[in-house]
Every structure is written in structure tokens, then in C-alpha cells.
2 protein chains.
Amino acid sequence: MAGVYEGPVQKLIDELGRLPGVGPKSAQRIAYHLLKIPPEDARRLARAIDDVKERVGWCRRCFNIAEGELCAICRDERRDATLVCVVEEPRDTVAVERTQEYKGLYHVLQGAISPIEGIGPEQLRVKELLARVGDEGITEVILATNPNIEGEATAMYLARLLRPLGVKVTRPASGLPVGGDLEYADEVTLGRALEGRRQVEA
Amino acid sequence: MAGVYEGPVQKLIDELGRLPGVGPKSAQRIAYHLLKIPPEDARRLARAIDDVKERVGWCRRCFNIAEGELCAICRDERRDATLVCVVEEPRDTVAVERTQEYKGLYHVLQGAISPIEGIGPEQLRVKELLARVGDEGITEVILATNPNIEGEATAMYLARLLRPLGVKVTRPASGLPVGGDLEYADEVTLGRALEGRRQVEA
């Protein structure tokens, strides 16, 4: 079917189709949308992508997204630096922030242990977490990984490593719907779950 | 919630959220995906967007997408220039091409008449279609707008304008599921519908 799509359009459809949750039909719809809108609107999206790749990286301390060396939360001196909330992804810090219940710092693992996907502790920011607990005067680590199989396994694994370091290890109270993603929890449920967190008996 | 998202990330989420079919949660997921992938992969998407806006426009003749003055189909001298298939969107030409039943040219209206959305004939490429029928020795116009309310109304409107010009006006046979989009028809159904097209009694 050569000649049906013009080269640059097919290339754009291919690139869009690589994005998570974008199938071939959506990619085609988005590509035509980009063709139709004013050039400055399309270029604003392209520039936003470039900007993120040029200006945004990982926080040197907690591996959240950061413009510069440290993320906005690690730069904020009013946060309680004795408390660290461990999450899987940067978006999970946003979910916890929305509760307005939490004033400590974060540690973003950038994933969860998943033997099926070939992700072990060495692919995650586990080493860096242990170093922080040793160096930063942290007294409590909240393991707020997702309440699903991978998240639970990751929490259990971390609890076993952390307890010998003499730090209090907690997990948000059940109340989160099991099998779901932290990201989709509503503020009240997640806030209560954090409030009622209990020590892990690993 | 200032400081939760860093500036360029929020900007990217906002831009992604403007795309069709991309809600706030998908925009966030795509943004984090773009943050995580190697810079060269993200830049390939940004470049594909820029390329499309720089190199691709509308065919001067049929208003399909085109790199240069004319689209690939209008440039192809083996196509039957006496036959024109009128469709709503560029993607519809792809659906018709897939049938391998059609050897004529196209005319892309770039929409359908929709009083609810405030789209009248003057927002579509109707004037240009009438000019082509006058100038290009066209003997038959196939009105292959979508088999839904807007598409049917558009076909009826065009049929009334085209019949006084002494051109044969047809519409693909029913067989297409009513209420759907041309884009989603399978090749066999759409091919048969084109084969069994009949004159419009407007």
C-alpha cells in the first residue's frame, strides 16, 4: 500500500504508536489532529517534549523528577527529613502530596520488583535508599509501594533490608483497594491509609 | 499544590492533554514515559511532529494530506481522473485504498456538515469540489461520507448541488453499518459497498 500515507505522516504515526496506551487507530487520529491544528500549537508540543528531555532529570537524593540537582520537595527545608516515603514512580509522590497529610521526604524506586518483567532490586533505587537511611538521620521509612503483588513483594523485600538498620518501617494501612494502583486512590482513602500506617512484621 | 510538578513536566502534560482521546491521566502516563525513555527516542517524536508541520500540507487539488503541491494519489497518472470519491477526512482515503477496488481520485471535504458543531458547507472544501467538477472532466462523483447523520446530510446537500452540473452522483451501497465511521469498516464490506454504489435520487 505504498503511497497511501506520505512519509513524514507515517513516521509520526509510528512514533505516536510507541507511547503507552496509544494504539494504531489512536496514533492515526492524533497524527491527523496534529496535521490540522495551527503549526504553532503542534510546535508547542514538540518543544515541550524537547524541554522536558533537556531540563528535567532525576533528583540526586530521592530520584523524583527534578529540574536541577534536587527536586522541589527535597529543596523545601520545611519538610521533615527524618521521614521517608518510598514509592514506585514519580506520579505516586503526586498522589501522596494531594492528601496534604504528609510532610516528610520521598524515595522513588522507579519501579517494583517483578520477576515476570525481569526487574530485580538491582534495577531499582534500592542501594540509594539504604545509603540514605545510613547517612541522613532517617527514623521512619513508609513503604508506599502499590497494593498489588509486585508492590507487596517489593515492600516485604525492603522491610527485611531496612529493619536491621534500626529504622522504623511502616506501610500505609489497608483501606487502599487491593489489586489497584496507588495513582488512582482518592485523597481521603489514601490520606486515611497513611494516617493509620502500621509497623511491618517482616 | 505548587511544586508538586516541575514546570516543564506540567507544561508537557498540558500539551499532551490537548490531543484527541488523551485524558489527564493518560497525559501524565505519557509524560512520565517520555521522561524515562532515552533522550534520542523522545526527540524522534518531537522531530516527527516538526517534520509533519514543516513538510506536509494539503493537496492543492483534492485536500488530502500531501508532501508538496499534490498528494501521492493525484500525482499518480494511472488513476482514473473522471471518477472522484468524496470523503470527510484524509484517513477515509486510506480506508478506501485498502479495498483495492477503487482507481479514481478523491476529494477530501475535511469534515461534514454539522449544525450542532457549527460546521456549515462554507467550512468544508465544497466550493473546491464544485470547481473541480466544472474544470476536470469528471463524469462521476461518489459521495463516500460517513454513514451517520452528518455524513448523510452532507451527501444529500452535495447531491443537490452536483446534479445540475450533469455529473453522475452515487453513494456507496448500504452494507456499511449505519451509525458508524467509514474508517472502521473492514475491507470486504467497504469494497462491496463501493462496487454496489447507486445513483442518488435527491
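See the structure shown above.
Keep in mind the model is a prediction, meaning the values are calculated, not measured. (Residues numbered from 1 in each chain as written. Chains lettered and ligands numbered in written order. Predicted model: local features only at pLDDT ≥ 70, side-chain atom pairs only at ≥ 80, totals over all residues. Heavy atoms only, no water.)

A. Structural view of the overall build of chain A. If you tally the helices and strands in chain A, you get 8 helices and 7 strands. Each principal axis of the C-alpha distribution contributes one length, and for chain A these read about 65 × 35 × 35 Å. Of the contacts formed within chain A by residues at least 6 apart in sequence, a portion of 57% connects residues at least 24 apart. Just so you have it, chain A exposes about 9400 Å², and 51% of that area is on carbon and sulfur atoms. Of the side-chain charges in chain A, 28 are positive and 32 negative, and the distance between the mean point of each set is 1 Å. (Helix = DSSP H or I, 4+ residues; strand = E, 2+ residues; numbered from the N terminus. Contact = heavy atoms within 4.5 Å. Areas by Shrake-Rupley, 256 points an atom, 1.4 Å probe, with all protein chains shown as cover. Lys, Arg positive; Asp, Glu negative; His and termini not counted. Charge placed at Lys NZ, Arg CZ, Asp CG, Glu CD.)

B. Representation of the nonpolar core. Counting residues in each nonpolar core, the largest one holds 44 residues, and the members touching the most others are A:Leu34 and B:Leu34. For this core, the elements supplying multiple residues, two or more each, are helix 1 (7-17), helix 2 (24-36) and helix 3 (39-55) of chain A together with helix 1 (7-17), helix 2 (24-36) and helix 3 (39-55) of chain B. Among all residues touching B:Leu34, those that are not within four sequence positions of it are A:Leu19, A:Ile49, A:Lys53, B:Leu12, B:Leu16, B:Ala42 and B:Leu45. (Core = buried A, V, L, I, M, F, W, Y, C linked by side-chain atoms within 4.5 Å. Buried < 20%, exposed > 50% of the residue type's maximum accessible area, 1.4 Å probe, protein only.)

C. Molecular detail of the packing of helix 1 of chain B against helix 2 of chain B. Residues and elements named next belong to chain B. Orientation of helix 1 relative to helix 2, taken along the N-to-C sense of each, is 130°, at an axis distance of 8 Å. Compared by their axis directions, helix 1 and helix 2 come out oblique. Where helix 1 crosses over helix 2, the handedness of that crossing is right-handed. Every residue of helix 2 that contacts helix 1 at Val9, Leu12, Ile13, Leu16 and Gly17 is listed here: Ala27, Gln28, Ile30, Ala31, Leu34 and Leu35. A class-by-class count of the residues in the contact of helix 1 with helix 2 yields 9 nonpolar, 2 polar and no charged. (Axes fitted to C-alpha atoms, helices over the stretch in contact; angles between N-to-C directions. Parallel < 35°, antiparallel > 145°, perpendicular 65-115°, else oblique. Left-handed = near helix turned anticlockwise from the far one by under 90°. Nonpolar A, V, L, I, M, F, W, Y, C, P; charged D, E, K, R; others polar.)

D. Fine view of the environment of A:Cys62. With respect to the helices, strands and loops of the structure, A:Cys62 is situated in the loop between strand 1 (56-58) and strand 2 (65-67). Leave out the neighbours within four places in its chain, and A:Cys62 touches A:Cys71, A:Cys74, A:Tyr106, A:His107, A:Val108 and A:Arg132.

E. Examining helix 3 of chain A more closely. Here helix 3 of chain A contains 17 residues, and its C-alpha end-to-end distance of 23 Å stays within 8% of the 24 Å for a straight helix at 1.5 Å per residue. By the burial criterion, the buried members of helix 3 of chain A are A:Ala42, A:Leu45, A:Ala46, A:Ala48, A:Ile49, A:Asp50, A:Val52 and A:Lys53. Contacts made by the buried residues of helix 3 of chain A are with helix 2 and strand 1 of chain A together with helix 1, helix 2 and helix 3 of chain B. (Expected span 1.5 Å × (residues − 1).)

F. How the structure looks around the side chain of A:His107. All names here are of chain A. Considering the arrangement of structural elements, one finds histidine 107 in strand 4 (residues 104-108). Side-chain polar atoms of histidine 107 contact the backbone nitrogen of leucine 129, separated by 3.5 Å. If sequence neighbours within four positions are ignored, histidine 107 has contacts with Arg61, Cys62, Phe63, Val84, Cys85, Val86, Val87, Arg125, Glu128, Leu129 and Arg132. (Polar contact = N/O pair within 3.5 Å; in protein donor to acceptor, adjacent residues only side chain to side chain.)

G. Up close: the pattern of salt bridges. The tally for this structure, following the rule as stated, stands at 32 salt bridges over all chains. A:Arg55 is the partner of A:Asp51 in a salt bridge, and the nearest nitrogen-oxygen pair spans 3.6 Å. Here the residue A:Asp51 and the residue A:Arg55 both occupy positions in helix 3, the gap between them amounting to 4 residues, near one helical turn. Given the relative accessible area of 42%, A:Arg55 is considered partly exposed. Where B:Arg125 meets B:Glu128, a salt bridge forms, and the shortest distance between an N and an O atom there is 3.3 Å. Look at B:Arg125 and you get partly exposed, because its relative accessible area is 23%. Ionic contacts of the salt-bridge type, sharing partners, join the residues A:Lys11, A:Glu15, A:Arg18, B:Asp41 and B:Arg44 into one network. (Salt bridge = Lys/Arg side-chain N within 4 Å of Asp/Glu carboxyl O.)

H. Region of the structure containing the relation of the copies chain B and chain A. With an RMSD of 0.1 Å, the fit of chain B onto chain A corresponds to turning through 179° and sliding 0.0 Å along the axis. What the rotation and shift describe, once combined, is the action of a two-fold rotation axis. Scanning chain B for the C-alpha nearest the rotation axis identifies B:Ala46, at a separation of 2.2 Å. When you check the interface residues of chain B against chain A, 100% turn up at the interface there too, and the contact is symmetric in its surfaces. (Least-squares fit on C-alpha atoms with pLDDT ≥ 70 in both.)

I. Expanded view of the environment of B:Leu130. Residue and element names in this part refer to chain B. Of note, leucine 130 is situated in helix 6 (residues 126-135). Spatially, the C-alpha atom of leucine 130 lies 9.1 Å from that of leucine 158, the residues being 28 residues apart in sequence. Ignoring sequence-local partners within four residues, the contact set of leucine 130 consists of Leu161, Leu162 and Leu165.

J. The packing of helix 6 of chain B against helix 7 (residues 149-162) of chain B, seen in detail. Residues and elements named next belong to chain B. Look at helix 6 against helix 7: their axes get within 11 Å of each other, and the N-to-C directions meet at 35°. Here the hand of the crossing between helix 6 and helix 7 comes out right-handed. Here Val126, Leu129, Leu130 and Val133 of helix 6 come into contact with helix 7, specifically with Tyr157, Leu158, Leu161 and Leu162. Residues of the contact of helix 6 with helix 7, tallied by class, amount to 8 nonpolar, no polar and no charged.

K. Up close: helix 6 (residues 126-135) of chain A. Residues and elements named next belong to chain A. Those residues of helix 6 not exposed but buried are Val126, Leu129, Arg132 and Val133. Mapping the buried residues of helix 6 onto a view down its axis gives an arc of 115°, with all of them on the same face. Opposite the packed face of helix 6, turned more than 90 degrees from it, sit the exposed residues Lys127, Gly134 and Asp135. Those residues of helix 6 hidden inside the fold are in contact with strand 3 (80-87), strand 4, strand 5 (140-143) and helix 7 (149-162). (Arc of directions from axis to C-beta.)

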